[in-house]
Amino acid sequence: MQVKETVAEGLKHEFQISVPAADLDAKADARLVDLKDKVRLNGFRPGKVPVSHLKKVYGRSVMAETIDQTIRDTNSQIFTERGFRLATEPKVTMPTEQTEVDDILAGKSDLTYTVSIEVVPAIQLADFKSFAVEKPVAEVTDAEVDDAIKRIAEQNRTFAAKGEGAKAETGDRVTVSFKGTIDGTPFDGGTAEDIQVTIGSNTFIPGFEEQLIGIAAGETRALKVSFPTNYGNAKLAGQPAEFETTATSIEAPQATVINDEFAKTLGLESLDQLKGAARERLAAEFAGATRQRVKRLLLDRLDETHRFEAPPSLVDEEFNLMWNSIKAEMESGGKTFADEGTTEEAAKEEYRKIADRRVRLGLVLSEIGEKNKITVTDDEVSRAVIERARQMPGREKEVWDYYRNNANALAQLRAPIYEDKVVDFILELATVTEKKVSREDLYKDDEAEKSAA
């Protein structure tokens, strides 16, 4: 066998390989001998079929299998000997001229082919003991607990019918029935009976709730609205519509007294227990925000300390996934790049940088995990599936079956678990110092990102 490297440009390599016909023929004959005791042919006793006859019957297909296996074995040997880690599947180019192909399959000509690959660069990992990470920690205050309970009370407020002839106001709950039309024609999903609408909740199409202000029980109004351009139903998105709406009852919100009795309506024994539950929930939310901040800081540090050329094909793949998602989101929202204060070219450049960072960080995290034998167990993945199922009450079996029958979905669950375990490994080595911050400071970066988005 002869191996000649014809291309060595950065992470791209190409080899020309030549395998002697005699080697292929010997491997094919060995395969035919192995088949001798397994095949059944008319006119021959089991195990007594001459190899020469088998070669006439199966020679071409056996040689094709031999070539395929030889290419896989040869490529693996070449990559292993050179210490290559492949970024993508190798691209094999075979002879295409029919006469040449026939001669190779007949064992008359040597097999000559080329294989092109893109490799993962050698990654020199940083000394994680030199990393210094500041961990922002926010304590839950009594005022924050009180605010949380007020929000709970607001979400669980009761309503009482207003007097006869009363008009609906902002904050009131109106029970309505309506029939929607577009250009006078009813549309699917546009008709409903006894729907409760809280004016000011912004849960209905923009303009719908506001036009209910002043309506009385028994009154019918024609509400004119337009569906948002990013509405979930593409047939309705951006369309002007009219809803013939009749109010059947008007209810006003009642003041909620926050006391032990209110806590009992929520299944708790006392107001103190409700406050304790609210404090625990806020503490968990703060801990999650702290974790995200620390993780982001750590990933930034890994990005700074591991600069190398990312495999272009992986960057292209990551960029295309992001770009297609961005384009689809903008189209559904009816937005342009000008609306975002940029151009398509500038946006592409920015997202390509993000794609490059993601690929490099993914390779670094993988290298850290591999060198330190960090793995994700099946039990950890199963717990993640169970948690997903719990988030969809009544559809638990559907969720479980989806992940059980979808390897890609399971891989998407496994990836963040692996990433978190690698992050925890680094944090154990790094110097982590806590810094007391307020809730506002803890969420400041997240809120700034949202406002810039």
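Up top is the structure.
Predicted model, so just to flag it, every value in this text is computed and none were measured.

> I'm lost on unusual backbone geometry in this one. Help?
The phi torsion of most residues other than glycine is negative, and most of the peptide bonds are trans. The backbone phi angle of D183 is positive, close to 55°, even though this residue is not glycine. You can see D183 is positioned in the loop between β7 (173–182) and β8 (185–198). In this model, K373 sits at a positive phi of 55°, which is unusual for a non-glycine residue. Relative to the helices and strands, K373 is located in the loop between α8 (344–371) and α9 (378–390).

> Teacher, can you tell me more about the sheet that holds strand β4 (residues 111–118) here?
Two strands in a sheet stick together by hydrogen bonds in their backbones, pointing the same way (parallel) or opposite ways (antiparallel). Pairing is antiparallel in the open sheet, where four strands are placed in the order β1-β2-β4-β3. Strands at the two margins of the open sheet, each flanked by one partner only, are β1 (2–9) and β3 (91–93). Across the sheet, the axes of successive neighbouring strands diverge by a mean angle of 20°, strand direction being ignored. Inspection of the sheet shows β1 paired to strand β2 (residues 12–19) by seven bridges, in the antiparallel sense. By the bridge assignment, E9 is partnered in β2 with K12.

> Is there a simple way to explain the packing of aromatic side chains in this structure?
Given two aromatic rings, one states the distance between the centres and the angle between the planes to describe the pair. The full count for this structure, using the stated rule, is 15 aromatic pairs. Pairing F204 with F208 gives two aromatic rings, centres 5.2 Å apart and planes at 25°, and the pair type is stacked. With relative accessibility at 2%, the residue F208 sits in the buried group. Members of the aromatic cluster, each reached through a chain of ring pairs, are F178, F187, F204, F208, F227, Y231 and F243. Over the ring of F131 we find R301; its NZ or CZ atom is 4.6 Å from the centre of that ring. The side chain of R352 reaches across the aromatic face of F319, ending 4.3 Å from its centre.

Parameters at a glance
- Along each chain, residues carry numbers from 1 onward, in the same order as the chain's sequence is written.
- Only residues with pLDDT of at least 70 are given local features in this predicted model, and only at 80 or more are side-chain atom pairs given and counted; all residues enter the totals for whole chains, interfaces and linings.
- For side-chain calculations, the full set of non-hydrogen atoms in the structure is used, while hydrogens and water are omitted.
- A helix here means a DSSP run of H or I that spans at least four residues, while a strand means a run of E at least two residues long, and both kinds are numbered starting from the N terminus.
- Should DSSP find at least two bridges between two strands, the strands are taken to pair.
- The angle between two axes is taken between their N-to-C directions and runs from 0 to 180 degrees, where each axis is a line fitted to C-alpha atoms and a helix contributes only its stretch in contact.
- Any two rings among Phe, Tyr and Trp, with Trp reduced to its six-membered ring, count as a pair given centres within 6.5 Å; such a pair is stacked if its planes are under 30 degrees apart, edge-to-face if over 60, and tilted if neither.
- Each residue's exposure class comes from its accessible area (1.4 Å probe, protein chains only) as a fraction of the maximum for that residue type: buried when under 20%, exposed when over 50%, partly exposed otherwise.
- We count a charge as sitting over a ring when the NZ of a lysine or the CZ of an arginine lies within 6 Å of the ring centre and within 35 degrees of the ring normal.

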